[in-house]
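The residues making up each chain are set out below.
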Amino acid sequence: MGGGKMAGILPVDTRPWPERRDEALANQTMRTTISLTTRRLQAGQLKVFSDYPEAEEARQRAILDKRAAIKDMDHLLEQFSQAVHEHGGHVHLARTAPDAVKLVRAIAEDSKVRRVVKTKSMVTEEIELNRGLIEDGIEVLETDLGEYIIQRAGEKPSHILAPAAHKNREEVLRLFERDASQSGIEPPPDDDAKTLTQYARRRLRQEFLRADMGITGGNFLVAETGSVVLITNEGNADLVTTLPRVLVSVVGVEKIIADWQALQNIIQQPALNGVGQRLSSYTTIVSGPTGGDAAEGPQKWHVVLLDNGRTGLRGTEYEDVLSCIRCGACLNVCPVFRQVGGNAYGSVYSGPIGVVETPLLTEGTILAEMPMMACTMCHACVDACPMDIDLPAHILSLREENVEKHAGSFSTRQTYRWWARWWATPTGYQRSLRMARAGQRFYMRDGMLRTAPGLAKGWFQSRNMPPVAKETFHEWWKRTHEEGGDRHE
Amino acid sequence: MKRVVIAMNNPLVEEFAQRWATLGGLCYFAEAGTDPGAAFRQAVGDLLGEANGPGSALYWSGPDWDGKAWAEWTRPLDSVQFVAWDGTPVMREVAAGADLGITGCSWAVAATGSVALYHTPLTGLLPSVLPPAHLVLVNHKDIVATVADGLGRVRGNLPPLMKIITGPSMTADIEGTLVVGVHGPGRVAALIY
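Residues numbered from 1 in each chain as written. Chains lettered and ligands numbered in written order. Predicted model: local features only at pLDDT ≥ 70, side-chain atom pairs only at ≥ 80, totals over all residues.

Q: Sorry, what's going on with the domain arrangement of chain A here?
A: Quite often, the size of an interface is put as the accessible area lost when its parts meet. Looking at chain A, the domain boundaries give domain 1 (17-312) and domain 2 (410-485). For domain 1 of chain A and domain 2 of chain A, the distance between their C-alpha centroids amounts to 52 Å. (Domains from an automatic or database assignment.)

Below, the structure is given as structure tokens:
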């Protein structure tokens with residue numbers, strides 16, 4: 001890409017973490033579904049590898065390919081662009097999210113587009129593409145079932161692979177009933193998952209057939225052949241790439257792989273690690289428009305390559321983050337994610353990869369505190385990651401950076417110094433407990449400490465603590481074993 | 001799956017059929033020396049439901065599928081209207097209204113139970129995705145061991161659009177419940193010849 005590196009711009013939920021977290025923890029529907037979904041997907045990943053040794057061999061090769069491709073990105077993106085041009089497509093480079101939105105809006109205006117159908121794409125969530133198109137009076141419909149549901153609800157995806165995991169059947173039925181009355185078609189008769197899915201099929205089928213433009217993301221970009229590879233289970237990517245006359249693929253630059261051989265190594269990894277299948281139901285490979293009056297395929301094909309802070313990670317200790325294939329395996333095993341789900345993270349990228357990638361892409365301008373908040377350092381994510389991205393190490397590094405940047409204030413340093421001095425000796429520790437006991441009755445409610453004065457107050461925002469006992473173990477020991485010389489050997 | 005071994009005596013065919021069936025696909029075999037029409041009619045009948053229609057099927061087949069016999073094979077299925085894919089724009093509407101899509105495939109993969117389709121004007125992808133059921137005709141010689149082997153065949157022959165199909169269209173987006181037939185077909189069958 002050359003030139004100066006720029007920080008990316010990502011959407012953010014600006015409410016503080018405790019508020020987002022508490023909202024998530026209070027949502028029982030989400031917690032039940034996320035818990036089931038993450039466990040099912042994790043079990044799937046373990047099982048599919050257990051009787052398929054070729055999958056592990058391919059994974060090892062894919063890691064090497066992907067790391068090498070990130071190093072050679074500039075050259076490979078050039079090669080990719082050239083190959084797409086040779087097939088009659090167009091490639092555009094977008095430095096930042098607003099640049100990408102501007103490009104897609106211009107393409108839509110140029111082709112007089114009124115109706116857009118989309119596949120699920122994290123990148124288009126990242127750049128908030130829909131909002132830009134809707135501002136231009138264009139109708140934009142998500143076609144992945146989960147995305148369609150949350151688009152109806154005006155919400156954000158709660159899991160990379162299961163965007164509507166926080167909605168139950170009754171909620172989906174209500175959304176679809178409203179949708180049906182607005183679009184003048186028959187609503188689903190009941191809230192069975194099958195009935196609801198059939199409704200979405202019927203409703204979206206007419207939209208596929210009359211859409212002018214399809215928008216996809218991309219799982220891989222093959223430099224050698226100029227191909228965009230899409231992986232879905234529903235078949236919506238097949239319709240989005242074959243029915244509308246204009247096709248726009250918005251893909252992060254880090255999705256580049258060198259050649260067809262590399263594709264052979266990596267093509268199964270998203271399904272193997274994401275859902276525990278050897279291959280997803282549909283792997284769609286687009287390498288060019290099909291031309292004028294063909295029955296299917298786009299007349300025009302545009303690829304928008306998005307940087308948005310990605311190239312800034314190259315050459316840093318965080319470079320391996322760019323190998324992420326968005327399989328969601330790290331989300332599925334994360335004990336924090338399993339409790340709070342995706343929306344609590346405040347970014348389109350959630351879970352372990354999200355707490356690392358969101359501040360990194362934006363040079364710490366948003367959600368820089370998440371590595372401190374949403375990680376227990378259990379290391380499950382690095383074990384689950386098919387690309388061997390060292391997420392715990394990155395979380396630690398980001399915490400250190402955070403301490404250097406933000407937590408280095410005078411008052412914070414003084415508090416820690418004061419605390420360290422007291423607790424460095426048994427006498428100091430015991431004295432601090434006696435003082436706490438004397439003062440704690442002002443901060444107790446229902447037998448628990450609920451708050452504390454000064455900087456310690458922040459600690460209690462998300463925690464309670466049992467009060468200091470009337471008699472501590474040390475005091476009891478001293479009374480029963482030391483006083484009067486009654487010591488048991 | 002025992003029948004497969006007898007039918008084709010070919011480990012790749014056997015593995016493909018097993019994988020395909022695991023994914024929820026139906027499998028039919030037209031053994032050498034037998035009438036492929038019988039297996040074909042069976043497959044079409046099963047996919048369209050017990051009454052064999054009435055229904056409509058949009059079809060194309062590979063060059064090695066015996067097209068001459070097509071009319072003869074399909075004659076007993078007189079309640080089914082067969083339309084040949086011709087690559088014209090009207091095919092979109094035909095595909096959207098069809099009860100069954102019948103296509104050939106460029107290759108199939110034993111390890112994953114997948115079939116690969118290339119778009120050309122006369123081999124469209126829409127019959128495999130728009131109708132609620134898809135029958136794919138698989139020449140047993142086109143079954144390769146791995147996805148990598150299959151992709152290796154694409155070299156120097158890359159179509160503008162291609163797809164690898166592995167089982168029916170499905171989702172688990174509502175409460176994690178598995179549902180087939182979202183945007184693509186919920187019923188899929190392979191006829192191996």
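Q: Would you mind going over the sheet that holds strand β12 (residues 187-192) of chain B with me for this structure?
A: Each strand in a sheet pairs with its neighbour through backbone hydrogen bonds, running either in the same direction (parallel) or in the opposite one (antiparallel). Residues and elements named next belong to chain B. With parallel pairing, the six strands of this open sheet are ordered in space as β1-β12-β7-β4-β2-β3. Each edge of the open sheet carries a strand with a single partner, namely β1 (26-29) and β3 (80-84). Sheet twist, expressed as the average angle between the axes of neighbouring strands with direction ignored, equals 20°. Sheet topology note: the strand β4 (residues 100-103)/strand β7 (residues 133-138) ladder contains three bridges and is parallel. By the bridge assignment, I102 is partnered in β7 with L135. On top of the sheet, helix α3 (residues 36-48) reaches β1, β2 (55-59), β3, β4, β7 and β12; it is set at about 175° to β12, its chief contact. (Pairing = 2+ DSSP bridges. Helix = DSSP H or I, 4+ residues; strand = E, 2+ residues; numbered from the N terminus. Axes fitted to C-alpha atoms, helices over the stretch in contact; angles between N-to-C directions. Contact = placed C-beta atoms within 7 Å.)

Q: Which parts of the structure should I look at to understand helix α2 (residues 11-22) of chain B?
A: Think of an α-helix as turning once every 3.6 residues; residues three or four places apart then point the same way. Along its 12 residues, α2 of chain B runs 16 Å from first to last C-alpha, staying within 8% of the 16 Å computed at 1.5 Å per residue. G24 of chain B occupies a position one or two residues after α2 of chain B and carries a positive phi of about 100°. (Expected span 1.5 Å × (residues − 1).)

Q: What is the right way to look at the interface of chain A and chain B in this model?
A: Contacts between chain A and chain B engage 55 residues on the former and 44 residues on the latter. Listed by contribution, the elements that provide at least two residues to the side of chain A that touches chain B are α2 (28-50), α8 (145-153), α9 (169-183), α10 (193-210), α11 (236-242), α12 (260-266) and β9 (282-286) of chain A. For the side of chain A that touches chain B, the element with the most residues is α10 of chain A, which contributes seven residues. Per-class residue counts for the side of chain A that touches chain B are 22 nonpolar, 23 polar and 10 charged. Examined bridge by bridge, β9 of chain A and strand β9 (residues 161-165) of chain B share five bridges and lie antiparallel to one another. Within β9 of chain B, the position partnered with V286 of chain A by the bridge is L161 of chain B. (Nonpolar A, V, L, I, M, F, W, Y, C, P; charged D, E, K, R; others polar.)

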